[in-house]
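Descriptive structure summary
Here is what each chain is made of, one letter per residue.
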Amino acid sequence: GSLLHGGGDPELGDPARGNGRMAEQMGIMWVQAKRWNRLIETFVEIANIEQGDCILKFGRLELVSVLRSAVDQTVARVNPACKVDRDLPDKLVWARGDQQRLEQVFSHVVSNALRYSPSDSPVVIACKEHEAEGQLVVSVSDRGPGISEDLRGAIFERFYQGSGEAGPHSGV
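The model shown is predicted, which means the values in this text are computed figures rather than measured ones. (Residues numbered from 1 in each chain as written. Predicted model: local features only at pLDDT ≥ 70, side-chain atom pairs only at ≥ 80, totals over all residues. Heavy atoms only, no water.)

1. Focus: the pairing of strand β3 (residues 94-97)
Because side chains alternate across β3, one face comprises the buried residues A95 and G97, and the other comprises W94 and R96, none of which is buried. When strand β1 (residues 59-62) meets β3, the two strands line up antiparallel, connected through four bridges. Looking at β3, one finds that L61 is bridged to A95. (Buried < 20%, exposed > 50% of the residue type's maximum accessible area, 1.4 Å probe, protein only. Helix = DSSP H or I, 4+ residues; strand = E, 2+ residues; numbered from the N terminus. Pairing = 2+ DSSP bridges.)

Given below as structure tokens:
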């Protein structure tokens, strides 16, 4: 029988009992399907942004909670073994912004830091409040290869990926 129609494969195990290779393979397929879904959603969002169809939903949000959630989810997804140091305020920090977009940006920057930072070097996530200027500064620092000076202008081009030969860097 076909696996797509609910049939089983004796080599994979009994799908009704969830044992054997069938359960393992189904788990892997589920994880991969979620990754593909995220990738497709990202491409749709990029197309919408390029067409000017991006609508930001500004509202009041607690920035440290948004940052902490994005970091925790990204670390769990990308590299749970990676050391991450957090330098975050102990108090609530209110800001105005689009929570979903901020989570995406934080997740993307942290994901890059985790992927390119040496395993023996922590990624540092910081949030500093500059009350006099009315600013919040979020930074993600690592000891990865960085981006060489001559390639920095290209990093905002669609699908650009550098070669990674520069020194330590920080993303904001």
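2. A few points about the nonpolar core
Counting 22 residues, the largest nonpolar core has L67 and I125 as its most contacted members. Counting residues per element, this core draws most heavily on helix α2 (residues 63-78), which supplies seven residues. Apart from residues no more than four positions distant in its own chain, L67 is found in contact with L88, F106, I125, A126, C127 and V138. (Core = buried A, V, L, I, M, F, W, Y, C linked by side-chain atoms within 4.5 Å. Contact = heavy atoms within 4.5 Å.)

3. A word on the layout of surface pockets
In this structure, the second largest pocket spans a volume of roughly 180 Å³. What lines the second largest pocket is E41, V44, E45, N48, I49, D53, C54, I55, K57, D98, Q100 and R101. Of all elements in the fold, only α1 (20-50) and α3 (99-116) reach the threshold of two or more residues within the lining of the second largest pocket. With five residues, α1 is the single largest residue contributor to the lining of the second largest pocket. Of the residues belonging to the lining of the second largest pocket, the class tally is four nonpolar, two polar and six charged. (1 Å grid on protein atoms, 1.4 Å probe; cavity = no way out; pocket = protein on both sides within 12 Å on 5 of 7 lines; lining within 4 Å. Points joined across faces, edges and corners; volume = space filled by probe spheres on them. Nonpolar A, V, L, I, M, F, W, Y, C, P; charged D, E, K, R; others polar.)

4. Here's the deal with the pattern of salt bridges
Summed over the entire model, instances satisfying the criterion amount to five salt bridges. Close ionic contact of K83 with D85 constitutes a salt bridge, the shortest N to O distance being 2.8 Å. Accessibility expressed as a relative area gives 48% for K83, which makes it partly exposed. In this structure, a network of salt bridges that share partners links the residues K91, E129 and E131. (Salt bridge = Lys/Arg side-chain N within 4 Å of Asp/Glu carboxyl O.)

5. Comments concerning a nonpolar patch on the surface
A surface patch of nonpolar side chains, amounting to about 480 Å² of accessible area, comprises W36, L39, I40, F43 and V44. Relative to the elements of secondary structure, I40 occurs in helix α1. On the basis of relative accessible area, I40 is assigned to the partly exposed category, the value being 49%. (Patch = residues over 30% accessible without salt bridge, like charges linked within 9 Å, V, L, I, M, F, W, Y side chains within 5 Å. Areas by Shrake-Rupley, 256 points an atom, 1.4 Å probe, with all protein chains shown as cover.)

6. Digging into the confidence of the model for the chain
Across the chain, the average pLDDT comes to 80, with 80% of residues at or above 70. Note that residues 1-8 has pLDDT below 50 and, in this model, nine contacts with residues that lie over four places away or in other chains. A low-confidence stretch, residues 164-172 (pLDDT under 50), is modelled with 29 contacts involving residues beyond four sequence positions or located in other chains. (pLDDT = per-residue confidence, 0-100.)

7. A few points about the packing of α2 against α3
Orientation of α2 relative to α3, taken along the N-to-C sense of each, is 45°, at an axis distance of 8 Å. With respect to each other, α2 and α3 are oriented oblique. α3 is crossed by α2, and the crossing has right-handed handedness. Between α2, through L63, V66, L67, A70, V71, T74, V75, R77 and V78, and α3, the contact on the second element is made entirely by Q99, L102, E103, F106, S107, V110, S111, L114 and R115. For the contact of α2 with α3, the class distribution of residues is 11 nonpolar, four polar and three charged. (Axes fitted to C-alpha atoms, helices over the stretch in contact; angles between N-to-C directions. Parallel < 35°, antiparallel > 145°, perpendicular 65-115°, else oblique. Left-handed = near helix turned anticlockwise from the far one by under 90°.)

8. Considerations on a positive patch on the surface
Taken together, the side chains of K34, R35, R38, R77 and R115 present a region of like positive charge at the surface. The element best represented in the positive patch is α1, accounting for three residues. Tracing the chain through its elements places R115 in helix α3. Overall, the relative accessible area of 52% leaves R115 in the exposed class. (Lys, Arg positive; Asp, Glu negative; His and termini not counted. Charge placed at Lys NZ, Arg CZ, Asp CG, Glu CD.)

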